[in-house]
Amino acid sequence: MPQFRRFGTRLLLLIAGVVAAAQVADYLLVVRANRRNAIDRIHENLAKGAALFSRRVDARLLELSGRAALMSDDYSIRQLFLKDQPDPATVRSALRSYSVRMGVPFMTLISTEGARIGDTGGPLPEAALRPFEDLVQTAAAADDPKATAFARLPSTSEDGKVFALLVVPIYAPKPEIVAWIGLALPIDHRFAEELKSDAQVEVTFYYGTGETMVPVESTLPGAAGPRSAADLAESAVKTANVSGEPYVTAYRPLLPLVTHGRAAIALQRSLGAELAPSLPLERFLLVLLIASLVAAALVAAVLARNMSRPLRSLADHTRVIAGGDYLTRLEVTRADEIGQLATAFNQMSEGLAERDRVRDLLDKNVSPEVAAQLMRDGGALGGEEREVTVLFVDLRSFTRLSESLPPRDVLHLLNRYFDRMSSIVETQHGIVDKYIGDAIMAIFGAPVARDDHADCAIRAALGMPSALAGLNTELATEGRQTLSFGIGINTSRIIAGNIGSSRRLNYSVVGDGVNVAARLQDLTRMSQFRADILVSASTLTSAKRRYRVRDLGAAPVRGRDEPVGIFAVDGEE
Amino acid sequence: MTRALVATLGLVLALRVSASGTVRVLAKDPKGAPVADAVAFVEALDAPAPVHPPADPVAIVQKDQEFVPYVTPIVVGTRVSFPNKDTVQHHVYSVSPAKKFEIPLYIGESSATILFDRPGPVTLGCNIHDWMVAYVYVLATPYFAKTGADGVADIAGLPPGRYTLELWHPRLAARVDRQITIEASGDTVQEVSVTLRPDRRIRRAPESDGAGYR
């Protein structure tokens, strides 16, 4: 099954497909039912026609046998037999007279031995008599001495016609049979036309002696062709085209047949004519089919649009969110599942914006590296021991300065100063651990471990005086008092990690080395050192680069047994 | 019962011893029922016996619109009269090969007598009444008799010798004959089985019915 990219296409195909399948099935079922009904009706008509044919033939023969019985009891016919040798001319004229009375074209008189006594002559020559003689044999053996059969007369001629034959006895008196009367009832065109008008079916009489049977009479002129004898051997119903039009045909053999060959009656009815009344319904159904298909397509298109438009706007909105815009909101105009989805999207946007804000605040309250680590580790308590470099920078004489300024201005001044210093720390891959009053404590080598943490710290320290000079220039311009500071740097193994309670914690470092750095910063105030930047020997040992330093000897540090080697840093080599 | 026993055993019994013999014919149908109105006759094989027709005509009466008797055996040369004892006219005829004749409508004693001069069966009918039928069987032998209701016919006065015994009936399905020998010592009984065709005579409806005839 092909995968359609568009939901609308799929919905359209689904709805149109279902409607089309139902309608087409409906249409086909109706057409089939109509056709079956028509064929059933035709079968019924044909069966009625066949029954009517048999009844008509039987009734006519019964009527004729009644008339023949009257004739056989007639005094005058007995007169013919009072003579030893009846006069042939008299017999013929008498029979002609009787045939007119009975309305049959041919009559013959046959002796009890089966010999012809006389006949009416006319349409049937002497050669036509043989079937009557055969029939006399049948009749004589019958309980009720009478026999009927179909025959083609004359059977030897190509243009012979099919007749229904009847032989009845002449009694003198009953039950003594002295002779037989033979009658021939033509199954001809007139018979076919009468049957057609009564049964509403086309009628064809077939006769054949070989493999094929040819129509002898037909109400379908020129339409009925030869048929194979096997087709007409038994009663059958077939549908075949006659002159390009389908006809249902019922074949019935004419039995018994006393002449050589086969005779059959074919009753036909046009399938098209029978179907004609149901054609308007079929056409209407076809129009309905197309109309409902179009309607289904339209409904499907509208439905698909209603479905896919909000889905597409949701998809677009997802891209907006993915782009980082958590402030744009979807317009919720509906209460259904799609509306609920849009609401959920908006709630998600809100959640994301909230998280973003928290992250932003986190970034501002802790250094970005710590914030990243907190986001990653989830702020679990605990720490690790590692070598870091701690830098302390503290403003000198700031307490006195702050007393001469309003608090707001103090804070403003501090923030300007912190901003510049912090910027340098971050540039050198360090983090501002905390602001302690007017002091900054910065860490290099945590939380992200670096090999050059000592170099980073020294470089940051070296960068800070010029940054402060810049700030002082601004302050001077503003007519304010300028600032000065001292920097202490120490490298040692300390514990780094989240320190605090489970409700509130800070990323920080603890250890003796932190105090050493603070102590070095304190020492910058001492007149014997006269340096803004003091580093410990361990920092210089850890540094990979070389710096211009002055060895200031060793100084005792509180809490330490051994004094710490102190160096002033003037710049890079 | 006795007759059945006789039939079963097929006994030929000598009843009487004289110069001439008598043949008693027992005509039965295949079911054993006696067959009436059968003409039994014998023809001498050794020396043909001359026939002597009676001087007076034999009468076949029309009474109550029926022929009486139904079957009349006569010898060749016999004259038959057809007295009409009904109040309606009759028109007697025959178209049988042995005798073709007609006596046009008449009532009472017909003056005409018909001479039957050829042997063979003759069927009589009436042109007015379809149901009337009778048979005359014309014989070329003086030895004959007609079976009664008991199916018995006695043919008497037969000199000893060989004969052909034959039976005829209006509805005989097939010829029935056999050769018999008359001994000087006695009479014989011949049981003959006769197969008859169905009786197809027109049955006469009662006059009062007025429904006609079937």
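Bear in mind the structure is a predicted one, so any value in this text is a computation, not a measurement.

Moving on, we come to the overall build of chain B. Broken down by element type, chain B carries one helix and 17 strands. Counting every position in chain B, which comprises 214 residues, the buried fraction comes to 33%. Partitioning the contacts of chain B with sequence separation of at least 6, the portion at a separation of at least 24 is 65%.

To continue, consider the overall build of chain A. Each helix and strand counted, chain A has 14 helices and 19 strands in total. Per-residue burial for chain A yields a buried fraction of 35% across its 573 residues.

Residues and elements named next belong to chain B. With 86% of its residues at a pLDDT of at least 70, chain B reaches an overall mean of 85. Here residues 1-18 scores under 50 on pLDDT; set against residues more than four positions off or in separate chains, the count is 16 contacts. Note on residues 208-214: pLDDT is under 50 here. Beyond four places in sequence and across chains, it has nine contacts. Interface scoring of the predicted complex returns ipTM 0.78; its pTM is 0.60.

Okay, unusual backbone geometry next. A cis amide bond links A:A172 with the next residue in sequence, A:P173, at an omega value of -15°. Here A:P173 shows up in the loop between strand 4 (161-171) and strand 5 (177-186). A cis geometry characterises the amide bond from A:K174 onward to A:P175, with omega recorded as 5°. Structurally, A:P175 can be placed in the loop between strand 4 and strand 5. Backbone geometry at A:Q200 places phi at a positive 60°, although glycine is not the residue there. With respect to the helices, strands and loops of the structure, A:Q200 is situated in the loop between helix 5 (189-199) and strand 6 (202-208). For A:Q200, a count of 12 C-beta atoms within 10 Å gives the class exposed. Residue B:Q65 is not a glycine yet carries a positive backbone phi of 55°.

Turning next to the environment of B:V39. Residue and element names in this part refer to chain B. Mapping V39 onto the fold places it in strand 2 (residues 39-44). Taking the C-alpha atoms as reference points, V39 and K146, separated by 107 residues in sequence, lie 4.6 Å from one another. Among all residues touching V39, those that are not within four sequence positions of it are V71, P73, Y137, F144, K146 and W168.

The next thing to look at is the pairing of strand 9 (residues 236-242) of chain A. Residues and elements named next belong to chain A. Relative to strand 10 (residues 245-253), strand 9 runs antiparallel, the two being bridged by seven bridges. Directly across from K238, in strand 10, lies its bridge partner T249. With antiparallel pairing between neighbouring strands as the criterion, strand 9 and strand 10 make up a hairpin whose turn holds two residues, including S243 at a positive phi of roughly 55°.

Moving on: the nonpolar core. If you look at the biggest cluster of nonpolar residues, it comprises 121 residues, and the most contacted ones within it are A:L165, A:V167, A:I181, B:A27, B:A40 and B:I155. Among the elements that line this core, the one with the most residues is strand 4 of chain A, at nine residues. Discounting chain neighbours no more than four positions away, the residues touching B:A40 are B:V25, B:A27, B:F144, B:A145, B:T147, B:A153, B:I155, B:L165 and B:L167.

Once that is clear, we can look at the interface of chain B and chain A. Residue-level contacts link 13 residues of chain B with 12 residues of chain A. Tallied by class, the residues present in the side of chain B that touches chain A amount to five nonpolar, three polar and five charged.

All names here are of chain A. Between its first and last C-alpha, helix 11 (residues 407-427) extends 30 Å over 21 residues, near the 30 Å set by a 1.5 Å rise per residue. Among the residues of helix 11, L413, Y417, M421, I424 and V425 are the ones counted as buried. In an axial view of helix 11, the angular spread of the buried residues amounts to 110°, which keeps them on one side of the axis. Facing away from the buried side of helix 11 by more than 90 degrees, the exposed set consists of P407, R408, L411, H412, N415, D419 and T427. Trailing helix 11 by a residue or two, H429 shows a phi angle of about 65°, which is positive.

Our next topic: the sheet that holds strand 10 of chain A. Residues and elements named next belong to chain A. Taken together, the six strands give an open sheet; going across it, the order is 8-7-6-11-10-9, and neighbouring strands pair in antiparallel fashion. A single partner strand is all that each edge strand has here, and the edge strands are strand 8 (227-228) and strand 9. Here strand 6 pairs with strand 11 (residues 262-270) via seven bridges, running antiparallel. For F205, the partnering residue across the bridge sits in strand 11 and is I265.

The next subject is the sheet that holds strand 7 (residues 78-81) of chain B. Either a parallel or an antiparallel arrangement is found when strands of a sheet pair, and the pairing is made through backbone hydrogen bonds. Overall, mixed pairing links the three strands, which are arranged 3-7-10 (chain B) in an open sheet. The open sheet terminates on both sides in strands that have one partner only, identified here as strand 3 (58-59) and strand 10 (113-116) of chain B.

Attention now goes to helix 12 (residues 453-477) of chain A. Residue and element names in this part refer to chain A. For helix 12, with 25 residues, the first-to-last C-alpha span of 36 Å sits near the 36 Å given by 1.5 Å per residue. A bend of about 25° at M464 is the largest found in helix 12, and the proline P465 appears one to four places after it. Within helix 12, burial applies to H453, A454, D455, C456, A457, I458, R459, A460, A461, M464 and L468. G479 lies just past helix 12 and shows a positive phi near 80°.

So, on to the pairing of strand 1 (residues 21-28) of chain B. Residue and element names in this part refer to chain B. Pairing of strand 1 with strand 14 (residues 152-158), which is carried by five bridges, proceeds in the antiparallel orientation. Looking at strand 14, one finds that L26 is bridged to V152. Summarising the sheet, strand 1 and strand 17 (residues 188-193) pair through six bridges and their orientation is parallel. Residue pairing for strand 17: L26 is matched across the bridge by E191.

Right, let's talk about the environment of A:P310 for a bit. Residue and element names in this part refer to chain A. Following the sequence through the fold, P310 ends up in helix 7 (residues 279-322). Spatially, the C-alpha atom of P310 lies 8.5 Å from that of A342, the residues being 32 residues apart in sequence. Residues in contact with P310, not counting those within four places in the same chain, are I338 and A342.

Turning our eyes to something else, we now look at the packing of helix 1 (residues 7-72) of chain A against helix 5 of chain A. For any two helices packed against each other, one specifies the inter-axial angle together with the distance between the axes. Residues and elements named next belong to chain A. Direction vectors running N to C along helix 1 and helix 5 enclose 135°, while the axes themselves pass 10 Å from each other. As the angle between them shows, helix 1 and helix 5 are arranged oblique. Helix 5 is crossed by helix 1, and the crossing has right-handed handedness. On the side of helix 1, the interface is formed by N45, K48, G49, L52, F53 and R56, while helix 5 contributes L195, D198 and A199.

The rules behind each value
- Residues numbered from 1 in each chain as written.
- Chains lettered and ligands numbered in written order.
- Predicted model: local features only at pLDDT ≥ 70, side-chain atom pairs only at ≥ 80, totals over all residues.
- Helix = DSSP H or I, 4+ residues; strand = E, 2+ residues; numbered from the N terminus.
- Buried ≥ 20, exposed ≤ 12 C-beta atoms within 10 Å, placed from the backbone.
- Contact = placed C-beta atoms within 7 Å.
- pLDDT = per-residue confidence, 0-100.
- Pairing = 2+ DSSP bridges.
- Core = buried A, V, L, I, M, F, W, Y, C linked by C-beta atoms within 7 Å.
- Nonpolar A, V, L, I, M, F, W, Y, C, P; charged D, E, K, R; others polar.
- Expected span 1.5 Å × (residues − 1).
- Arc of directions from axis to C-beta.
- Bend = angle between axes of the 7 residues up to and from the residue.
- Axes fitted to C-alpha atoms, helices over the stretch in contact; angles between N-to-C directions.
- Parallel < 35°, antiparallel > 145°, perpendicular 65-115°, else oblique.
- Left-handed = near helix turned anticlockwise from the far one by under 90°.

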